[in-house]
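Structural description and commentary
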Amino acid sequence: MKMKMGRLAAASVVALAGASFAAPASAQKIENSYICVFQPGLVTKGNVKAEANRAAQAAGGQVKHEYSNTIRGFAVNASAQGVANMQARNPRIAYCEQDQVMSVVQRRGKPGGGGGGTAPPETTPWGVARVGGGELTASGRALVIDSGVDLDHPDLNVNAGLSVNFTRDKSADDLNGHGTHVAGTIAAIKGNGIGVVGVAPGTEVIGIKVLDRRGSGSTSGVIAGIEYAADIAGPGDVANMSLGGGFSQALNDAVIAAAATGLKFTLAAGNESTSATTKSPASANGPNIYTISSFAQGDTWSSFSNYGNPPVDYAEPGSAIPSTYKDGGYATLSGTSMAAPHAAGILLLGAIDWDRTVAGDPDGNADRIGVR
């Protein structure tokens, strides 16, 4: 099993009033919202809150999130000039980057049955069968960092008490459908006669909602979700992140730090048909981090999938994947969002193996197909 080594990807830098910001490449930036990270070793976990409030006050802004379980830092609402002035006068700040929009990594889809109607009869999706899943329940838990999970879906074993919401939506419930689809591929229940079967059927799922009903969120909110995952993670747990945006050093650093505690991460490579090195969290590298590209039936490359080794570790089924959906429903969706949870299910059951390489990988270095 390949373990990725740590790597820092390049970020463009914008100069302002003597300070510098790491600017995410090809990102939809969020005005007056910044993520600032402290220098390693200068701020203890217990002092993050006080230092964040002091820095935000100096910037003329307000703290949105504090980070202490992964990176040491904070997110702040403040003007660019205010953050630049604050950073220039605060030697504890390693860097600040402008917040950006994060979104689901979904290519296309068609909602199916459910939502108050009759659920379809139970089937094992082609992707679950291809990777050798669908038989065993894992003792670890699936931490789905996404649009939430349908908290009472009849085909999922959801821990609603630990499921949380980091968006403006009023509920931790999945109002988009994407996170529930991811959860079903990982862990949809087997033997109940309805719907689909997951790679690790019946495994407990926790929804960590960082994307709203539109499938949209922020880098700062996603890092807050990673913070929560790192805080509650136990032995054998796996976190799946089928979301993405432009490159973000802070987001990558948060994933790397959380994975260093032993929590495994599966990351969607992205659907822009480009190098995954330009996207976050796909470009994060380190032990316990697995970036996943997509293939279709017949082990052929999905044309939308991002590529590149590193950061991609394995290819998994991602085209025309049936799974659970919001409101007790089902849907067939495509994307590296659908590929990554296959790997999450495998990791919940043990190490990832591989049996062959995918056909048509555009980078000329064919990705291995991950299986049990």
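Everything that follows concerns the structure shown earlier in this document.
Residues numbered from 1 in each chain as written. Predicted model: local features only at pLDDT ≥ 70, side-chain atom pairs only at ≥ 80, totals over all residues. Heavy atoms only, no water.

**Some remarks on the pattern of salt bridges**
Our working definition: In what follows, salt bridge is the name for a side-chain nitrogen of Lys or Arg lying within 4 Å of a carboxyl oxygen of Asp or Glu. Each residue gets one of three labels from its accessible area relative to the maximum for its type: buried under 20%, exposed over 50%, partly exposed in between, using a 1.4 Å probe on protein chains only.
Taken as a whole and judged by the stated rule, the model has eleven salt bridges. The partner of Asp212 in a salt bridge is Arg214, and the shortest N-O contact between them spans 2.9 Å. Using a relative accessible area of 11% as the deciding quantity, one classes Asp212 as buried. Here the salt bridges do not stand alone but share partners, grouping Arg130, Asp299, Asp355 and Arg356 into one network.

**So, the state of the cysteines**
Note the following rule: Pairs of cysteine sulfur atoms within 2.5 Å are identified as disulfides in what follows. Helical segments are the DSSP runs of H or I of at least four residues, strand segments are the runs of E of at least two, and each set is numbered from the N terminus.
Under the counting rule described, the total for this entry stands at one disulfide. A sulfur-sulfur distance of 2.2 Å marks the disulfide that ties Cys36 to Cys96. Residues Cys36 and Cys96 share a disulfide whose torsion about the S-S bond is about 110 degrees; that sign makes it right-handed. Within this pair, whereas Cys36 is found in strand β3 (residues 29-38), its partner Cys96 is found in strand β6 (residues 93-104), the two being separated by 60 residues in sequence. Looking at Cys96, the relative accessible area reads 0%, which means it is buried.

**Some words on the pairing of strand β5 (residues 73-77)**
What counts here: By this definition, two strands are paired if DSSP reports at least two bridges between them.
Counting buried positions along β5 yields four of five residues, so the element is predominantly enclosed. Relative to β5, strand β4 (residues 62-67) runs antiparallel, the two sharing five bridges. Bridged to Tyr67 within β5 is Gly73. From the end of β4 to the start of β5, which pair antiparallel, there are five residues.

**What to know about the packing of helix α4 (residues 178-187) against helix α7 (residues 336-349)**
Put simply, the rule is: Between N-to-C directions, angles cover 0 to 180 degrees, with each direction set by a line fitted to C-alpha atoms, over the stretch in contact for helices. Here the angle decides the label: under 35 degrees means roughly parallel, over 145 means roughly antiparallel, 65 to 115 means roughly perpendicular, and every other value means oblique. What makes a crossing left-handed is the near helix being turned counterclockwise from the far one by less than a right angle; a clockwise turn instead makes it right-handed. The criterion used for residue contact is that any of the two residues' heavy atoms lie within 4.5 Å.
Running from N to C, α4 and α7 cross one another at 40 degrees; their axes reach a closest spacing of 8 Å. When the axes of α4 and α7 are compared, the pair comes out oblique. As α4 runs across α7, the sense of the crossing is right-handed. Residue-level contacts link His178, His181, Val182, Thr185 and Ile186 of α4 to Ser337, Met338, Pro341, His342, Ala344, Gly345 and Leu348 of α7.

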